[in-house]
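Remarks on the overall topology
These are the residues of each chain, in order.
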Protein chains: 2
Amino acid sequence: MERNKPYLSRKNGDLWLTEDEYDNLKVSYRIKDVIFDQQSSFQDVMILESYHFGRMLVLDGIVQTTSVDGHIYNEMISHVPMSIHPDPKKVLIIGGGDCGVAKELCKYDGVEHIDMVEIDELVVKTCIEHLPDVSGRLADPRVHFVFDDGVIFAAGKKNEYDLIIVDSSDPIGPAKVLFEKDFYQSLHEALKEDGIMVCQSQSPIFHADVMKQSYTRISELFEEAKMYTAVVPTYPGGFWSFTIGSKQHIQPNPSKVSDKETKYVNEQIVNSCFSLPQFITEIL
Amino acid sequence: MERNKPYLSRKNGDLWLTEDEYDNLKVSYRIKDVIFDQQSSFQDVMILESYHFGRMLVLDGIVQTTSVDGHIYNEMISHVPMSIHPDPKKVLIIGGGDCGVAKELCKYDGVEHIDMVEIDELVVKTCIEHLPDVSGRLADPRVHFVFDDGVIFAAGKKNEYDLIIVDSSDPIGPAKVLFEKDFYQSLHEALKEDGIMVCQSQSPIFHADVMKQSYTRISELFEEAKMYTAVVPTYPGGFWSFTIGSKQHIQPNPSKVSDKETKYVNEQIVNSCFSLPQFITEIL
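Residues numbered from 1 in each chain as written. Chains lettered and ligands numbered in written order. Predicted model: local features only at pLDDT ≥ 70, side-chain atom pairs only at ≥ 80, totals over all residues. Heavy atoms only, no water.

In the nomenclature of an unreviewed UniProt entry, chain A is known as Polyamine aminopropyltransferase of Bacillus timonensis. According to UniProt, the comment filed for chain A under the heading Catalytic activity (unreviewed entry) is "S-adenosyl 3-(methylsulfanyl)propylamine + putrescine = S-methyl-5'-thioadenosine + spermidine + H(+)". In the Pathway (unreviewed entry) part of its UniProt record, chain A is described as follows: "Amine and polyamine biosynthesis; spermidine biosynthesis; spermidine from putrescine: step 1/1." (UniProt positions renumbered as here; feature names shortened; annotations may be inferred.)

Re the layout of surface pockets
All names here are of chain A. As a volume, the second largest pocket reaches approximately 1,000 Å³. Forming the boundary of the second largest pocket are 42 residues, of which Gln43, Leu59, Gln64, Ser169 and Ala175 lie nearest the centre. Elements with a contribution of two residues or more to the lining of the second largest pocket: strand 5 (55-59), strand 6 (62-66), helix 1 (70-84), strand 7 (90-95) and helix 5 (150-155). For the lining of the second largest pocket, the element with the highest residue contribution is strand 6, accounting for four residues. Residues of the lining of the second largest pocket, tallied by class, amount to 19 nonpolar, 14 polar and nine charged. Residue-level mapping places the lining of the second largest pocket at the junction of two domains, with at least three residues from each of domain 1 (2-65) and domain 2 (70-283). (1 Å grid on protein atoms, 1.4 Å probe; cavity = no way out; pocket = protein on both sides within 12 Å on 5 of 7 lines; lining within 4 Å. Points joined across faces, edges and corners; volume = space filled by probe spheres on them. Helix = DSSP H or I, 4+ residues; strand = E, 2+ residues; numbered from the N terminus. Nonpolar A, V, L, I, M, F, W, Y, C, P; charged D, E, K, R; others polar. Domains from an automatic or database assignment.)

Description of the interface of chain B and chain A
Facing the 37 residues of chain B at the interface are 37 residues of chain A. Summed over both sides, the interface of chain B with chain A buries roughly 3,200 Å², with 63% coming from carbon and sulfur. When the buried area of chain B at its contact with chain A is split by residue, Asn24(B), Leu25(B) and His52(B) rank highest and sum to 20% of it. Here chain B and chain A share zero salt bridges between them. At the junction of chain B with chain A, the criterion picks out 12 residue pairs in polar contact (both at pLDDT 80 or more). Breaking the side of chain B that touches chain A down by element, the ones donating at least two residues are strand 3 (25-39), helix 8 (267-272) and helix 9 (278-283) of chain B. At six residues, strand 3 of chain B tops the list of elements feeding residues into the side of chain B that touches chain A. The pairing of strand 3 (residues 25-39) of chain A with strand 3 of chain B spans five bridges and is classified as antiparallel. Bridge assignment links Lys26(A) to a residue of strand 3 of chain B, and that residue is Ser28(B). (Contact = heavy atoms within 4.5 Å. Buried area = accessible area lost by both parts, 1.4 Å probe. Salt bridge = Lys/Arg side-chain N within 4 Å of Asp/Glu carboxyl O. Polar contact = N/O pair within 3.5 Å; in protein donor to acceptor, adjacent residues only side chain to side chain. Pairing = 2+ DSSP bridges.)

What about the relation of the copies chain B and chain A?
Between the two copies of the chain lies a relationship made up of a rotation around an axis and a movement along it. Overlay of chain B on chain A (RMSD 0.0 Å): rotation 180°, translation along the axis 0.0 Å. What the superposition gives is, in effect, a two-fold axis relating one chain to the other. Counting the interface residues of chain B, we find that 100% of their copies in chain A are interface residues as well, pointing to one common contact surface. (Least-squares fit on C-alpha atoms with pLDDT ≥ 70 in both.)

A look at the sheet that holds strand 13 (residues 239-246) of chain A
Residues and elements named next belong to chain A. One open sheet accounts for seven strands, arranged 9-8-7-10-11-13-12; its pairing is mixed. If you trace the sheet from one side to the other, it starts and ends with strand 9 (143-146) and strand 12 (224-231), each paired once. Between one strand and the next, the sheet's axes are offset by a mean angle of 15°, whatever the strand orientation. Here helix 7 (residues 208-221) sits on the sheet and contacts strand 11 (191-200), strand 12 and strand 13; the angle it forms with strand 12, its principal contact strand, is near 150°. (Axes fitted to C-alpha atoms, helices over the stretch in contact; angles between N-to-C directions.)

Focus on the domain arrangement of chain A
Residue and element names in this part refer to chain A. Considered domain by domain, chain A is made up of domain 1 (2-65) and domain 2 (70-283). Just the C-alpha atoms count here: the centres of domain 1 and domain 2 sit 26 Å apart. Each partner contributes residues to the interface: domain 1 has 19 residues there, and domain 2 has 18 residues. It is Tyr22, Phe42 and Thr65 in domain 1 that bury the most area against domain 2; as a group they hold 29% of the surface buried on that side. Linking domain 1 with domain 2 are zero salt bridges.

Quick notes on the sheet that holds strand 7 (residues 90-95) of chain B
Residue and element names in this part refer to chain B. Spatially, 9-8-7-10-11-13-12 is the arrangement adopted by the seven strands of the open sheet, whose pairing is mixed. The open sheet is flanked by strand 9 (143-146) and strand 12 (224-231), the only strands paired with a single partner. For this sheet, the mean angle separating the axes of adjacent strands, direction not counted, is 15°. Bridging between strand 10 (residues 161-167) and strand 11 (residues 191-200) involves five bridges; their strand directions are parallel. Its bridge partner being in strand 11, Tyr161 is matched across the sheet by Leu191. Here helix 1 (residues 70-84) sits on the sheet in contact with strand 10, strand 11, strand 12 and strand 13 (239-246), set at roughly 160° to strand 10.

A few points about empty space enclosed by the protein
Taken as a whole, this structure holds three cavities of 30 Å³ or more when the rule is applied. Each pocket or cavity is described by its volume, and for the largest cavity that value is around 290 Å³. Residue lining of the largest cavity: 22 residues in total, with Thr229(A), Ser272(A), Thr229(B), Tyr264(B) and Ser272(B) positioned closest to the centre.

Brief notes about the pairing of strand 8 (residues 113-117) of chain A
All names here are of chain A. Counting buried residues along strand 8, four of its five residues qualify, which places the element largely inside the surrounding structure. One ladder, built from five bridges, connects strand 7 with strand 8; its direction is parallel. Residue pairing in the sheet places Val91 in a bridge with Ile114 of strand 8. In this fold, strand 7 hands off to helix 2 (residues 100-105), which returns the chain to strand 8; that crossover is right-handed. By the bridge criterion, four bridges tie strand 8 to strand 9 in an arrangement that is parallel. Within strand 9, the residue paired with Met116 across the bridge is Phe145. (Buried < 20%, exposed > 50% of the residue type's maximum accessible area, 1.4 Å probe, protein only. Right-handed = clockwise from strand over helix to strand, strands pointing away.)

Structure (structure tokens):
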């Protein structure tokens, strides 16, 4: 197996995964066990049991989410917009193959219908089976899986969703279009008149240009744009930004999260996550 | 040079630093240039010019602070307690060899005297000369350098300081005593009756036991203990905790930082940094 995968290697009998995401920074994880390993039509899908981060979803050699910290990202991209929209019933998730976002949304009784559009069915099936800490073995009848291109799916929708969550990978390769203005425009049209969207907008430290571009594009299209941040230990730099676009001005209501079973998000965090460090304020 | 340092290696002509801090996680940085390299009586002191994080202070092969993100840690451990104490005049810094904490404190006109007790003189001299982004080439007459053991220095002081900042390395080897109850007790005695102390209390994710222990020990000794967090990209997991011990109950006054030239800290951050994620609240 390792012969065909430059990101897997053996040293003194131990298996290591080395991410090749950056030319100037390499992170290597000691691996206890390969739980799952299969090539889909789109990418190399692995579930690895690591010593430091527990089970990890690894796509084409890049760590996407882990048992130790996957909940932080998934809770932050879900509960923060849920605390803002007064009554979200119909939700669209674009991406989110690890099922963690859908799992968090299912904690709200008011949510009636979730369309989850993920291009790679193998990622979804694998995470439900082998990454239960993140996916919660998602099996909720409100979740409707669509294994298709999120851009094409969203472009066909008008005035339909209360909330759209874009849980994309980095803006290289196929995910690049998920950071384009045309895509945000189609989300604006797919939302109801009081709808809101949220997307991950990369690292404020290492991708300040992408972050600013997302924020600017969303600001231009939506009545209101808001940025918030969270710590995501397995992402480079550990610091991540999210951008919300609202078609109407709506105040967050942090008490909406108070009865939810969460590990990271609570009322205090929903209140404080919009406080931005000085350098981000200056970039925006 | 590289032959004697297991953490430096060459691959395809490029120099790489690989931190050996964890058995199960290795981070490697591509190095443009070795700016400074000398063994002190205590450790191997290097300043490396990296591609990803700019100049880095590296002690015994472990990255301590960098040009790209050093200000976050130094601003957070300085301005947050400065916003709490109503009128800090005399300050003790234990550790802080990169001079970044002293640099931040010198932004306050009310500060009259800073004792900076760092065991390794070579670290201080090197950072002043070769790491100006962090040290600001510190040369303020209010800063009094003491090149000695911080534990012994603090033990000889009674009722003398308004603020004590413990800018320690990790609780292994020589820095272990800086996390002991006896040490916190000596800080309590070295503080005036309305004095406060702050220390870094490690990663909430990877050193939850140390974090809880610091918080518990400080809670038991001081009238009030408060924990806050910040993102420090070059520290493992990117998420770091700080613990304040106050001899009197004092409310933060975030407006004290508003006229300071900072890159990370602002009024919003001082207000929000005490909002703790749910899992930290549960640990404490």
